[in-house]
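# Examining the three-dimensional arrangement
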Amino acid sequence: MCGIVAYIGKKQAWPILIKGLRRLEYRGYDSAGIALHHNELNVYKCKGKVSDLENFAAGKDIDGTIGMGHTRWATHGVPNDINAHPHYSGSKEMVLIHNGIIENYAPLKAEMKNRGHKFESDTDTEVLVHLIEDIQQRENVSLEEAVRLALNNVVGAYAIVVMHKNDPDTLIAARKSSPLVIGIADDEFFVASDATPIIEYTKNVVYLDDEEIAIMRRGEKLRIHTIRNQEITPYVQELQLQLEAIEKGGYDHFMLKEIWEQPRSIKDSMRGRVNAAQGIVAVGGINDYMQKFINANRILIVGCGTSWHAGLVGEYLLEDLARIPVEVEYASEFRYRNPVINESDVVIAISQSGETADTLAAIELAKSKGATIFGVCNVVGSSIARATHAGSYTHAGPEIGVASTKAFTSQVTVLTLMALMLGNRRGTISEHHYRELLTELEGIPAKVERVLKLNDQIKYIASLYKDARNCLYLGRSYTFPVALEGALKLKEISYIHAEGYPAAEMKHGPIALIDDEMPVIVIATKGASYEKVVSNIQEVKARNGKIIAVVSEGDTVVKEMADHVIEIPETDEKLVPLLSVIPLQLLAYHIAVMRGCNVDQPRNLAKSVTVE
Ligand code: G6P
């Protein structure tokens, strides 16, 4: 969480920083700040969004060709003007921005307080900038060396940028467990949490690795060394990202754009990997580890949030098609519960951003026990993509809306391909069914197009239920994870309390909540559990619950019982999650818009959770 951007070069820094912060705002948006060097250090920061910062700085001195900006997602200290970054050192001659958590900030703070340091904020970040200055003064070393020594004293995660009043020609950046990318142009450098603030200025980027410090000086080449003082030769890569991919393109919200992109993004997840006519599935990343997968004792899937939901679909698919035992775990639970893992386990780590702290930690734990780690990530070059032994990118393209949509369907698509590939290699799926599923999968993008045409109907349903206080989502088998995902979408962006449940489990608790004010969204598409779900619908109806049912086209049975039916094209039940989640994404979207919520930046959330 928290977005970082910095610039040093010939241009005015302010517009670059503001634009960069807008692009990074998905990472956190409770306060924002910018520091510029123009004869002196000018810091402007305030609670609120980047637009509030612009208003705050209007009419003030925003000149300067070196500077840094930050958009915050609070961890230590409430969102307010004082806790906003950048933070000053004690002498106010140094400023620093930070993404991550300094875990040992309390003892460091206490120690420095004893030596007379005075702190203004409640943040861990202020402790770090004080520490750097403290070391610089006590040891009489350069700023670069002081940063290095200070980072040797901190425990935790950081991406930082530092600038000093007495050195208007230098920016110093460093990272550990929080992403940082450096853009290199003609005598100018850009630093950012991801490549989006850099893309229109340069395609040449360097991704910093953990415990690396970058020194950017005017007129000099980029220098990198580790916090143990080992020189690193920068590895300059070419950015593949396109500008259009990170803009709204005429849609009211990124979320809506991303929902609408799904026919394309699902296709992109399959591109070059499926040929139904020839009966071929080839997920590149698996090949080198095929024997590990085929002989795996079990597969463990780890992830958080929506990625965890995709993992649940993956479990059903892999067990069903490849007959390998699968367990799915929240990464945050897995990492702290002393799990049994060994060398014959394969761990699939799923993450859109590739930066989620808990998922990264789960990977490190499993790796240390000798398991093979396979990543399913969206962001190319992300920390998780680099920490895994092998993997497959989902190729969904940048996802900016905080509530994940196209990332989910792309993750499920990749997991489907993996399950089909492994099932075929292990001989656990008949050739006929394999080919049938491949053909059906190739046709999914066109069916998603048809589901999107239901938008007006779904918007109308949203208008009827926008004031609900609670919602229940029910599904069974392959649609149970979809029920969880639908409920998550609604609560994330509309703040209506919503629960996802296995339909049969409803009678063990949630049924007590049902009355004539309770909307119950049931996924009742054709499949092995269809009749069972119909019985569950009866149970809701008998208690006067309002039923919104997602059914297969042509269904007449549920139509008789439900208050509303949303008919989606029929498909094999293993592929139903790819279609049935879309009406639920749209329902949550329209309800949130009608309730006046900030759909792309819901309160308290952030897109990329780089703290545990
Ligand atoms: C945050 C986001 C969710 C996302 C989860 C996991 O909570 O708001 O949309 O599902 O993190 O993120 P990841 O990038 O690892 O998929």
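What counts as what
Residues numbered from 1 in each chain as written. Predicted model: local features only at pLDDT ≥ 70, side-chain atom pairs only at ≥ 80, totals over all residues. Heavy atoms only, no water. 1 Å grid on protein atoms, 1.4 Å probe; cavity = no way out; pocket = protein on both sides within 12 Å on 5 of 7 lines; lining within 4 Å. Points joined across faces, edges and corners; volume = space filled by probe spheres on them. Nonpolar A, V, L, I, M, F, W, Y, C, P; charged D, E, K, R; others polar. Near = heavy atom within 4 Å. Polar contact = N/O pair within 3.5 Å; in protein donor to acceptor, adjacent residues only side chain to side chain. Areas by Shrake-Rupley, 256 points an atom, 1.4 Å probe, with all protein chains shown as cover. Sits in = over half its atoms within 2 Å of the grid points. Helix = DSSP H or I, 4+ residues; strand = E, 2+ residues; numbered from the N terminus. Salt bridge = Lys/Arg side-chain N within 4 Å of Asp/Glu carboxyl O. Buried < 20%, exposed > 50% of the residue type's maximum accessible area, 1.4 Å probe, protein only. Pairing = 2+ DSSP bridges. Contact = heavy atoms within 4.5 Å. Axes fitted to C-alpha atoms, helices over the stretch in contact; angles between N-to-C directions.

Okay, empty space enclosed by the protein next. Scanning the model with the defined rule gives 2 cavities of 30 Å³ or more in all. In this structure, the largest cavity encloses a volume near 100 Å³. Along the wall of the largest cavity there are 14 residues; nearest its centre are Arg476, Thr479, Thr525, Ser529 and Glu573. Considering only residue class, the lining of the largest cavity consists of 6 nonpolar, 5 polar and 3 charged. Roughly 80 Å³ of volume is contained in the second largest cavity.

Before going further, it helps to examine the site of the ligand. As a structural note, the neighbourhood of the ligand is formed by 14 residues, with Ser307, Ser351, Gln352, Ser353 and Thr356 the closest of them. Between glutamine 352 and the ligand, the recorded distance is 2.7 Å, taken from a backbone N or O atom to an oxygen atom. The backbone of alanine 606 places a nitrogen or oxygen atom 3.1 Å from an oxygen atom of the ligand. In isolation the ligand has 390 Å² of accessible area, and contact with the protein removes 91% of it. At a threshold of 2 Å from the grid points, most atoms of the ligand map onto the second largest pocket. Per-element accounting of the shell around the ligand gives the leading share, 3 residues, to helix α10 (residues 305-322). By residue class, the composition of the shell around the ligand is 4 nonpolar, 8 polar and 2 charged.

What follows covers the pattern of salt bridges. Applying the stated criterion across every chain yields a total of 38 salt bridges. Between lysine 257 and glutamate 261 there is a salt bridge, with the nearest N and O atoms lying 3.4 Å from each other. For glutamate 261, a relative accessible area of 15% gives the class buried. Of the charged contacts in the structure, one is a salt bridge between glutamate 329 and arginine 337, with a shortest N-O distance of 2.2 Å. Taken together, the shared-partner salt bridges connect Lys257, Glu261, Arg264, Asp268, Arg271 and Lys406 into one network.

A cis amide bond, omega 0°, links histidine 85 with the succeeding residue proline 86. Along the chain, the position of proline 86 falls in the loop between β4 (66-72) and β5 (87-88). Notably, serine 177 is not glycine yet its phi reads approximately 60°, a positive angle. Turning to its location among the elements, serine 177 is positioned in the loop between β8 (167-176) and β9 (181-185). Given the relative accessible area of 27%, serine 177 is considered partly exposed. Not every positive phi belongs to a glycine, and asparagine 544 is a case in point at roughly 65°. Along the chain, the position of asparagine 544 falls in the loop between α19 (530-541) and β26 (546-552). By relative accessible area, asparagine 544 is classed as exposed at 52%.

So, on to the sheet that holds strand β14 (residues 231-232). Sheet architecture is open: 7 strands sit in the order β5-β6-β7-β8-β12-β13-β14, paired in antiparallel fashion. Each edge of the open sheet carries a strand with a single partner, namely β5 and β14. Across the face of the sheet, helix α4 (residues 124-139) comes into contact with β5, β6 (94-102) and β7 (156-164) while running at roughly 125° to β6.

By the bridge criterion, 5 bridges tie β7 to β8 in an arrangement that is antiparallel. When the bridges of β8 are listed, alanine 159 appears paired with arginine 175. Two successive antiparallel strands, β7 and β8, enclose a turn made up of 2 residues. Here β8 runs beside strand β12 (residues 212-217); their pairing, made up of 6 bridges, is antiparallel. Bridging across to β12, arginine 175 finds its partner in glutamate 212.

Below, the discussion takes up the sheet that holds strand β3 (residues 40-47). A sheet is described by the order of its strands in space; here 8 strands give the open sequence β3-β2-β4-β1-β10-β9-β11-β15, paired in antiparallel fashion. Each edge of the open sheet is held by one strand with a lone partner, namely β3 and β15 (237-238). Here strand β1 (residues 3-8) runs beside β4; their pairing, made up of 6 bridges, is antiparallel. Looking across to β4, one finds that tyrosine 7 is bridged to glycine 67. Contacting β1, β2 (31-38), β3, β4 and β10 (188-192), helix α1 (residues 13-24) crosses the sheet at an angle of about 160° to β1. Against the sheet, helix α2 (residues 50-57) engages β2 and β3, with an angle of about 130° to β3.

It is worth stressing that arrangement in space is one thing and function is another; only the former is reported here.
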